[in-house]
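# Reading the structure
The chain contents come next:
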Amino acid sequence: MEQEQAPRWWAVVAVMIGIFLLVTAEQLPIGLLSQVASSMGVTPGMAGLMVTVPGVVAAFSAPLLPVAVGRLDRRIMLTVLMVVMVAGSVFSALASSFTLLLVARVLVGLSIGGFWAVAGSIAPRLVPEAQVPKAMTVIFGGVAAASVLGVPLGTLLGDLSNWRVAFGALGGLSLLTAIALWWWLPPLPPREPVRLRVLAQQFSNRGVRVAVLTTAFVVVGHFAAYTFISPILQNISGISQRHVGSLLLLYGAAGIVGNVAAGLYAGRHPYRAVLAIPSLLLIVVAAFPLLGVQPSSGVALLMVWGAAFGSVSVSIQTWILRTAPNTEAATALMAFTFNLSIGLGAMLGGRIVDGTSLPIAMWAASGLFLLGVLLVWRTPSHVVGEKRR
């Protein structure tokens, strides 16, 4: 049996690096938003489509690609998707207009959705059962690492040179990762082909349904506000634009701390871990326009924000592993929800920011976090095998 094989930690690392690069690619425009908007002659709200487009495409590729490829070896699938990521990054760097840039971002979204749908469910196939929580923490550490290294370093590279150089560098790293995936991953034939009927059945499970809806509330809310973190820090906290890249490094570092802490805690208490996420985000984001009006308080709130959101992926995926009847199908459904929510959140935030103000966008996001809190609170904890104290 696959669980009895020796743990394949290099394979786990390769998948983590893939997640790291994909999340970096998806969120890099956040750090380069002002630069790209100026270069392409569009508004910040319009530039936010660089996040919306791949998010929406990734949402639909997540459930549909596993269905389309059927019994294709997941090793081949992950490697090919990383090559698609190379193409999307290179075309982004070479785009001569904003329209062509968005077309290139479609390729990035295709890669993100398909990769994430498979990556979240293969940890039990790479390590023994007792080491699955650790492997999950490593794989989804790529999400937090993208915040602490990928997006900030890409932002700094873009600031020091040009945003095109940042996208080109991402393409080169993605090519190396495609080679690593092919080299380190074992053959991974699907245990059970994912079909549309199976995807629909996952949503009939209460545990999966709560995880999906909570993810939607949290991620839409987060990206409605966080997509505009650069102008938030500048206009609300009075922080110079040249310091934004460095602060995103600190934000990402807090996200890694949150990911590790959540990985350790969610394995024992998935209910409480998931409940804590929208609760913390509600407090921080709602308070930011009121309390984050000084550089010091703005940075402090940003760190808590980073730690809370850094814990999302590993906590909710642990919930999914506890409740889903088919983990690959449920993970594909989660990837659909997560990425569609990124796109919708960025679009919603752009509309609100262009039409009203940054504080209004943050309070609107807080309302979505409140819905997430209420949803989890009304769910019996025994759904994930945990008792309330």
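Residues numbered from 1 in each chain as written. Predicted model: local features only at pLDDT ≥ 70, side-chain atom pairs only at ≥ 80, totals over all residues. Heavy atoms only, no water.

### Regarding the confidence of the model for the protein chain
Averaged over all residues, the pLDDT of the protein chain equals 86, while 95% of them reach at least 70. Of all the helices and strands in the protein chain, helix α10 (residues 196–203) carries the lowest mean pLDDT, 73, while helix α18 (residues 358–377) carries the highest, 95. (pLDDT = per-residue confidence, 0-100. Helix = DSSP H or I, 4+ residues; strand = E, 2+ residues; numbered from the N terminus.)

### So, the packing of aromatic side chains
Taken as a whole and judged by the stated rule, the model has 11 aromatic pairs. Ring geometry for F223 and Y226: centres 6.5 Å apart, planes at 80°, overall edge-to-face. With F223 and Y226 both in helix α11 (residues 206–226) and three residues apart, this pair spans about one turn of that helix. The same class applies to F223 as to Y226, namely buried. Residue classification places F223 among the buried positions, given a relative accessible area of 0%. One aromatic cluster is present, built from ring pairs that chain together W116, F223, Y226, Y251, F288, W305, F309 and F338. Seen from the ring of W182, R75 lies directly overhead, with NZ or CZ sitting 3.9 Å from the centre. Here the basic side chain of K134 rests over the ring of W9, its NZ or CZ set 5.2 Å away from the ring centre. (Phe/Tyr/Trp six-rings, centres within 6.5 Å; stacked < 30°, edge-to-face > 60°. Buried < 20%, exposed > 50% of the residue type's maximum accessible area, 1.4 Å probe, protein only. Lys NZ or Arg CZ within 6 Å of the ring centre and 35° of its normal.)

### A look at the side chain of T318
Inspection of the secondary structure puts T318 in helix α16 (residues 312–323). Residue classification places T318 among the buried positions, given a relative accessible area of 13%. A polar contact of 2.7 Å, which involves the side chain of T318, links it to the backbone oxygen of V314. Residue contacts for T318: discarding those within four places in its chain leaves M136, A266, G267 and P270. (Polar contact = N/O pair within 3.5 Å; in protein donor to acceptor, adjacent residues only side chain to side chain. Contact = heavy atoms within 4.5 Å.)

### Details of the domain arrangement of the protein chain
One widely used convention gives an interface's size as the accessible area the parts lose upon coming together. Split by domain assignment, the protein chain resolves into domain 1 (1–192) and domain 2 (195–388). Computed from C-alpha atoms alone, the centre-to-centre distance between domain 1 and domain 2 is 19 Å. In this complex, domain 1 contributes 46 residues to the contact, which on the side of domain 2 involves 43 residues. Note on domain 1 versus domain 2: buried area summed over both sides is about 3600 Å², and carbon and sulfur give 71% of it. On the surface where domain 1 and domain 2 come into contact, there are zero salt bridges. Where domain 1 packs against domain 2, one counts two residue pairs in polar contact (both at pLDDT 80 or more). Of all the elements in the fold, those that place two or more residues in the side of domain 1 that touches domain 2 are α1 (9–31), α2 (33–40), α3 (44–47), α4 (49–69), α6 (98–119) and α8 (132–160). The leading source of residues in the side of domain 1 that touches domain 2 is α8, at 15 residues. (Domains from an automatic or database assignment. Buried area = accessible area lost by both parts, 1.4 Å probe. Salt bridge = Lys/Arg side-chain N within 4 Å of Asp/Glu carboxyl O.)

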